[in-house]
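Residue-level structure breakdown
The lines below spell out each chain.
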Amino acid sequence: MRRSLNLIFLGPPGAGKGTYAARMAEKHSIPQISTGSLMRSEISSGSSIGVELNSYISEGKLVPDDLTVKMLLKRLECDDCKKGYILDGFPRTLGQAETFEEKLKESGNPLSAVVVIEVDDQVLINRLADRRVCSGCGATFHLKNLPPKVEGKCDLCTAPLTKRKDDSPEVIKERLKVYHDLTEPLIDFYKKRGKVLFFDGDGKIDVIYNEICAIIDRLMSV
Ligand code: AMP
């Protein structure tokens, strides 16, 4: 049986994690699991948990670890994760990474690699201003770098494209600060475990994606 492909995509908001994770997930027929998307769905459902989640997300703050880990682990129990998964936006704190590491040990199904995508803050600020997401399926577009085929409409499901509320300039600033303070230290955490693969995320989407694919294919063939 094929070894399962268990990946984490790590990087600042706007680095392209979601874009590359979605493509790679399709290539390997495994799910892309974005904790941000799981949370936005919960908010849209109007549940009381959704109200709590929104109070953090709307300000660019991280959702507390216990709530985040609970949502993620529940999603990982689904059958479609048996062949592997790509985590996009999880873990984001040392606490999340440590709890997740314990769970992986218990499951006997280790991480394959952590894909780190690096981009300078100023590039990210410019990028996020022009990011659009599908109000139907959550697919991500960019007005300049990855425009939809029909203006304002999703290529995949034709639902209208919207701007995420947390892509406003003030919230972007806070999200970048949170990334540097709380999430960036995870690079060292995974470096110590020999899992990290670095990619320069400031370039053409197709070129970067092909680089990631080549390295992951090589990793899976040994
Ligand atoms: P994203 O869609 O990954 O950019 O996440 C959007 C927002 O959801 C973040 O700014 C956080 O408020 C929240 N969020 C997503 N993933 C996590 C996580 N792993 N830990 C805590 N908060 C998260």
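Attention in this report is confined to the structure presented alongside it. (Residues numbered from 1 in each chain as written. Predicted model: local features only at pLDDT ≥ 70, side-chain atom pairs only at ≥ 80, totals over all residues. Heavy atoms only, no water.)

**Description of the site of the ligand**
- Neighbouring the ligand are 16 residues, the closest being T35, K61, G89, R92 and Q96.
- Here an oxygen atom of the ligand and a backbone polar atom of K61 are 2.6 Å apart.
- Here G89 contributes a backbone N or O atom positioned 2.9 Å from a nitrogen atom of the ligand.
- Protein coverage of the free-state accessible area of the ligand, which is 480 Å², stands at 96%.
- Top contributing element to the shell around the ligand by residue count: helix α2 (residues 35-45), with four residues.
- Of the residues assigned to the shell around the ligand, the class counts are five nonpolar, five polar and six charged. (Near = heavy atom within 4 Å. Polar contact = N/O pair within 3.5 Å; in protein donor to acceptor, adjacent residues only side chain to side chain. Areas by Shrake-Rupley, 256 points an atom, 1.4 Å probe, with all protein chains shown as cover. Helix = DSSP H or I, 4+ residues; strand = E, 2+ residues; numbered from the N terminus. Nonpolar A, V, L, I, M, F, W, Y, C, P; charged D, E, K, R; others polar.)

**Section: the packing of aromatic side chains**
- Evaluated as defined, the whole model comprises two aromatic pairs.
- On the basis of an interplanar angle of 90° and a centroid distance of 5.6 Å, the ring pair of F90 and F100 is categorised as edge-to-face. Highlighted residues: F90 in the loop between β3 (84-88) and α5 (94-107) and F100 in helix α5, separated in sequence by 10 residues. F100 carries the same exposure label as F90, and that label is buried.
- Each ring, one from F189 and one from Y190, has its centre 4.9 Å from the other, and the planes form 90°; the classification is edge-to-face. As far as the burial class goes, F189 and Y190 line up, both buried.
- Lying across the ring of Y209, R23 places its NZ or CZ 5.6 Å from the centre. (Phe/Tyr/Trp six-rings, centres within 6.5 Å; stacked < 30°, edge-to-face > 60°. Buried < 20%, exposed > 50% of the residue type's maximum accessible area, 1.4 Å probe, protein only. Lys NZ or Arg CZ within 6 Å of the ring centre and 35° of its normal.)

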